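Tertiary structure, described
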Amino acid sequence: MRSSYYVGVSLYKGQIQLAELDHGKKKTVTALNERSTSIDFNHDGNFSPDHPQLFTFVYELEELLKQNKVHSKTISFALPTEPLLINVIPVDATLQGTELTSHIQWEFEQYYPNVPHKDFTISAYPIPGPKKNVKQVFLVGVRRGLIGFLKRAASELRMEVHLIDIDHFSAEKTLRHCHPEILKENVMLIGLRGDFLDASLVCQGEYTDYRGFSTEHLDDLKKCILTYRQYLEQKDGIQAPTKIILYGFNVTPQTLNQIQRETGIATLALDSMRNLIPSKKLDEAYVKESSRFAAAIGLALRTQ
């Protein structure tokens, strides 16, 4: 089987995380690295293809690609959740076509009343719910300027954009591949990126809920996870999680032990290299701390 390379890039906590996979006979991680970036993807809301720091980002990414001798001619990006609109909303199950589109736009305008919806790419993804007459959907809004910025950067690198996704959703792809046993369980997936926490419930391999929290200290982290668990317990048709899986920054054994002690739920780090073959040239420290590359690896796993 011929080699087929895919590269994923995640952008959070002032870092660019890069992962490349060779989808040959066996899935092999051929590049795993990161570097700092001067671009604030978490808070800058004024991105455009003509952003004044475009070529700074192109240079940073080019250096990382060259350093790791990336083979792929395409590139995928995972966006941090802070600058995006992500919410779970109830929608009348009978709505379809233009009526559903109009309702989604109306919901969006409740969050951004003074922003033209044409400035955003707005998507809605159905998720399982207990009520037949009401369906739950993820409402996701991404500024078109940010998408244009990333596409222009790829073009300057003579690469083609394969996918633009959300990092927490990309991490779920890694979870499913590297921990396939969760397809039979209900798992609380927690993403740590310093002062922000992504929390979701993955039921038998499908997202069924999402919430974001601001955090500053370990105590905040524990409180947020407990708050999220209590919130899930109050929702109709939700089964309690059997595991808590963490990925991102500062996922230490101490953190895992403290969360397990506070919640009484088995807690572990997402092993983003499990069921994958690491190339011998990879930095052993990155392989050992692979949970923070979960989003980049999740993108590199996707061939469609």
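A short tour of the structure in this document, coming up. Throughout, a residue's number is its position along its own chain's written sequence, starting from 1. The model is predicted, so local features are restricted to residues of pLDDT at least 70 and side-chain atom pairs to those at 80 or more, both for listing and for counting; the totals for chains, interfaces and linings are taken over all residues. In computing side-chain values, all of the structure's heavy atoms are included and hydrogens and water are not.

1. Notes on the overall build of the chain
The helix and strand tally for the chain stands at eight helices and 14 strands. Whereas a compact globule of 304 residues would reach a radius of gyration of roughly 19 Å, the chain reaches 19 Å, a difference of no more than 12%. Projected onto its principal axes, the C-alpha coordinates of the chain cover approximately 50 × 45 × 40 Å. Residues counted as buried form 52% of the 304 residues belonging to the chain. Under the scheme used here, helices are H or I runs from DSSP no shorter than 4 residues and strands are E runs no shorter than 2 residues, and both carry numbers assigned from the N terminus. Here the radius of gyration uses the C-alpha set of atoms, whereas the globule reference equals 2.2 Å times the residue count to the power 0.38. Exposure categories follow from relative accessible area, calculated using a 1.4 Å probe and restricted to protein chains: below 20% of the type maximum is buried, above 50% is exposed, and the middle band is partly exposed.

2. Considerations on the pairing of strand E10 (residues 196-203)
The buried count for E10 comes to eight of eight residues, which makes it a mostly enclosed element. Note: two strands are recorded as paired if DSSP finds a minimum of 2 bridges between them. Two elements, strand E9 (residues 186-192) and E10, share seven bridges in a ladder whose sense is antiparallel. Each bridged residue has a counterpart across the sheet, and for Met 188 the counterpart in E10 is Leu 201. Linking E9 to E10, which pair antiparallel, is a turn of three residues; within it Gly 194 sits at a positive phi near 85°. Where E10 and strand E11 (residues 206-214) come together, eight bridges link them in antiparallel fashion. Opposite Cys 203, over in E11, you have Glu 206 as the bridge partner. Counted along the chain from E10 to the antiparallel partner E11, the turn is two residues long, and its residue Gln 204 has a positive phi close to 50°.

3. Some remarks on the sheet that holds strand E5 (residues 85-92)
In space, the three strands of this open sheet follow the order E5-E7-E6, with antiparallel pairing throughout. Because the sheet does not close on itself, it has two edges, and the strands there are E5 and strand E6 (120-127). Pairwise comparison of adjacent strand axes, ignoring direction, gives a mean angle of 30° for this sheet. Note: E6 against strand E7 (residues 134-143), eight bridges, orientation antiparallel. Note on E7: the bridge partner recorded for Ser 123 is Val 140. As a rule, the C-alpha atoms of each element are fitted with a line to give its axis, helices using only the stretch in contact, and angles between N-to-C directions run from 0 to 180 degrees.

4. Thoughts on the pattern of salt bridges
Salt bridges are defined as contacts in which a side-chain nitrogen from Lys or Arg sits within 4 Å of a carboxyl oxygen from Asp or Glu. Considering all chains together, one arrives at 16 salt bridges under this definition. Between Lys 66 and Glu 62 there is a salt bridge, with its nearest N and O atoms 3.7 Å apart. Taken together, the residues Lys 66 and Glu 62, both in helix H1 (residues 54-67) and four residues apart, mark about one turn of the helix. Given a relative accessible area of 56%, Lys 66 falls into the exposed group. Where salt bridges share partners, they join Glu 82, Asp 167, Arg 193 and Asp 198 into one cluster.

5. Some words on the sheet that holds strand E2 (residues 15-23)
The six strands lie next to each other as E8-E4-E1-E2-E3-E14, forming an open sheet whose pairing is mixed. Two strands in the sheet have a free side with no partner beyond their single neighbour: strand E8 (160-166) and strand E14 (277-278). Summarising the sheet, strand E1 (residues 5-12) and E2 pair through eight bridges and their orientation is antiparallel. Looking at the pairing, Gly 8 lines up with Ala 19 of E2. Residues count as neighbours in contact if any of their non-hydrogen atoms are within 4.5 Å of one another. Against the sheet, H1 contacts E1, E2, strand E3 (27-36) and strand E4 (74-79), and its axis sits at roughly 140° relative to E3. Seen against the sheet, helix H4 (residues 167-178) touches E1, E3, E4 and E8 and runs at an angle of roughly 95° to E8.

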